[in-house]
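# Structural overview for review
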Amino acid sequence: MEPALRDGDWVVVAPLARPPRVGEIVLARDPRVPERLVLKRVARVKGGVCMLLGDRPEESTDSRTFGPVALSAVLGRAVFRYAPLLRAGLL
Amino acid sequence: MFLTDLLKPKTIAYAHCDLPCGVYDPEQARIEAESCYKIIEKYNASSDEQFKTRAIVIKEERAELAKHHIDVLWSDYFKPEHVQKYPEITELCWKAAKQCSKVKGSLDIGEAKMLLDMIDKIDDVWTKAGGPTATRMPKAAAARA
C-alpha cells in the first residue's frame, strides 16, 4: 500500500456504519485466511461485496488474487495515521 | 508505563503483498544460470540430435527462471535505501535480466559465463546490503557468510 501506508505505520481504524466507498482504505479479513487482516483500497462496491486493490498493482496481493471481499468482512476504515509523527495525518 | 506503550496498536494488519516469505537470495538465480552453463557444455559435447533438442528446450526454460529470480530480487528485495547506498544495483539487475534473454537464445557458453559473473556481482551487493542475515535462516546465512 505504499506510498499511502508504509510498513510499521500506526493507524486509527474506525468502525464502518455504512458500506465502504470507492477510494477509502479499509481494514478487512483476508478471504483466504480470515484471521489475517489486510489494509487495502476499495476499488468497487457491488451486491454485498467489494473489490480491494493495493496502491502498487505490480506488487500488491489483493482482490485480483483473493477475489472479492464480502462487506461483512470489511471491519472498518483507516482514517488517521498517528505514527510516525512526521507523517501523521488523515488518510 | 511509557506513553508509547499506551499508544502502540494492539492489532496488526498487512498492507503489503502476499504473506511475504522474505527469503531472497541471488543463489536461486545462480543455480538456474549454472544449469544453462552446464547444458550448453553438454549440448556441445553431444552428437545426439534428440538430446540436443531437449537441451535447448531445457536451457531456455532455465534461462527464463533465472530471469524471474533476478526480477524478484530487484523488485521485492532491494528497497529504495539499498539503491541509495548501492546505486549500481539497478543496472546490475537490469543487465543481468537482459543477459538471461541472451542466454535463452544462444548456445555460446561465453554468454552463460557472463551471466554467472553478473549474478555474482548482484550477490556482492546483496551480501553488503545484509541479505544473508536479513533474508535467510541462520544455518543458510552462516553458510553464505
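As a reminder, the structure under discussion sits directly above these lines.
Residues numbered from 1 in each chain as written. Chains lettered and ligands numbered in written order. Predicted model: local features only at pLDDT ≥ 70, side-chain atom pairs only at ≥ 80, totals over all residues. Heavy atoms only, no water.

### Here's the deal with the overall build of chain A
For clarity, the cut-off: Numbering goes from the N terminus for both helices and strands, where a helix is a DSSP run of H or I of at least four residues and a strand is a run of E of at least two. Throughout, exposure labels follow a simple rule: accessible area from a 1.4 Å probe, protein chains only, divided by the maximum for the residue type, with under 20% read as buried, over 50% as exposed, and the rest as partly exposed. Every residue pair with non-hydrogen atoms within 4.5 Å of one another is taken to be in contact. The Shrake-Rupley method, run with a 1.4 Å probe, gives the accessible areas here. Residue values count only the displayed protein chains as cover.
Broken down by element type, chain A carries 1 helix and 7 strands. In chain A, the order of α-helices and β-strands from amino to carboxyl end is β-β-β-β-α-β-β-β. Looking at chain A as a whole, 40% of its 91 residues are labelled buried. Counting only contacts in chain A whose residues sit at least 6 apart along the sequence, the fraction spanning at least 24 positions is 50%. Per element, the accessible surface of chain A, about 5000 Å² overall, is 59% carbon and sulfur.

### A look at the pattern of salt bridges
Side chains that differ in sign of charge can pair as their charged atoms come close. As a reminder, the rule being used: Salt-bridge detection follows one rule: a side-chain nitrogen of Lys or Arg within 4 Å of a carboxyl oxygen of Asp or Glu.
Under the defined criterion, the tally for this structure stands at 17 salt bridges over all chains. A salt bridge links Arg87 of chain A to Asp9 of chain A; the nearest nitrogen and oxygen atoms lie 3.0 Å apart. Of the two residues, Arg87 of chain A is situated in the loop between β6 (74-83) and β7 (89-90) and Asp9 of chain A in the segment before β1 (10-15); the sequence distance between them amounts to 78 residues. Judged by relative accessible area, Arg87 of chain A falls into the partly exposed class, the value being 22%. A salt bridge links Arg62 of chain B to Glu61 of chain B; the shortest N-O distance between them is 3.3 Å. Residues joined in a network through salt bridges with shared partners are Asp9, Arg81 and Arg87 of chain A.

### Let's talk about the environment of Lys67 of chain B
Residue and element names in this part refer to chain B. Mapping Lys67 onto the fold places it in helix α3 (residues 49-77). Residue Lys67 is classed as partly exposed on the basis of its relative accessible area of 26%. Among all residues touching Lys67, those that are not within four sequence positions of it are Ala97, Cys100 and Ser101.

### Notes on the packing of aromatic side chains
Residue and element names in this part refer to chain B. For the record, the criterion: Between rings of Phe, Tyr and Trp, where Trp is taken as its six-membered ring, a pair exists when centres lie within 6.5 Å; planes separated by under 30 degrees are stacked, by over 60 edge-to-face, and by other angles tilted. In this analysis the charged atom, NZ for Lys or CZ for Arg, is taken to sit over a ring once it is within 6 Å of the ring centre and within 35 degrees of the ring normal.
What the rule picks out here adds up to 3 aromatic pairs over all chains. Here the aromatic residues Tyr24, Tyr77 and Phe78 are joined through ring pairs into a cluster of three or more. If you follow Lys52 out to its NZ or CZ, it ends over the ring of Tyr43, 4.6 Å from the centre.

### Some remarks on the packing of helix α5 (residues 88-104) of chain B against helix α6 (residues 109-128) of chain B
All names here are of chain B. Inclusion rule: As a rule, the C-alpha atoms of each element are fitted with a line to give its axis, helices using only the stretch in contact, and angles between N-to-C directions run from 0 to 180 degrees. Roughly parallel means an angle under 35 degrees; roughly antiparallel, over 145; roughly perpendicular, 65 to 115; everything else is oblique. Left-handed describes a crossing in which the near helix is turned anticlockwise from the far one by less than a right angle; the clockwise case is right-handed. Under the scheme applied, nonpolar residues are Ala, Val, Leu, Ile, Met, Phe, Trp, Tyr, Cys and Pro; charged residues are Asp, Glu, Lys and Arg; polar residues are all the others, including Gly.
The contact between α5 and α6 brings their axes to 9 Å, and the two run at 155 degrees. Classified by the angle between their axes, α5 and α6 sit roughly antiparallel to one another. For the crossing formed where α5 meets α6, the hand is left-handed. In contact with Glu88, Ile89, Leu92, Cys93, Lys95, Ala96, Gln99, Cys100, Lys102 and Val103 of α5, α6 contributes Glu111, Ala112, Met114, Leu115, Met118, Lys121, Ile122, Val125 and Lys128. When its residues are assigned to classes, the contact of α5 with α6 shows 12 nonpolar, 1 polar and 6 charged.

### Focus: the interface of chain B and chain A
Spelled out, the test is: Summed over both partners, the accessible area lost on bringing two parts together, with a 1.4 Å probe, is the buried area. Pairs of N or O atoms are called polar contacts if they sit within 3.5 Å, as long as, within protein, a hydrogen donor faces a hydrogen acceptor (for residues adjacent in sequence, only side-chain-to-side-chain pairs).
Contacts between the two partners involve 15 residues from chain B, matched on the other side by 15 residues from chain A. Between chain B and chain A lies a buried interface of about 1300 Å² when both sides are counted; carbon and sulfur atoms form 58% of it. Our count for the chain B to chain A interface comes out at 0 salt bridges. Seen at the junction of chain B and chain A, the total is 3 residue pairs in polar contact (both at pLDDT 80 or more). At the level of elements, α1 (3-7) and α3 of chain B are the ones that each hand at least two residues to the side of chain B that touches chain A. A class-by-class count of the residues in the side of chain B that touches chain A yields 8 nonpolar, 4 polar and 3 charged.

### Regarding the side chain of Arg81 of chain A
Residues and elements named next belong to chain A. Among the secondary structure elements, Arg81 is positioned in strand β6. In this structure Arg81 comes out as buried when scored by relative accessible area, which is 8%. Here Ala4 takes part through its backbone oxygen, which lies 2.9 Å from a polar atom of the side chain of Arg81. Here Arg87 takes part through its backbone oxygen, which lies 2.7 Å from a polar atom of the side chain of Arg81. Not counting residues up to four positions away in its chain, the partners in contact with Arg81 are Ala4, Leu5, Asp9, Trp10, Val11, Arg87, Ala88, Gly89 and Leu91.

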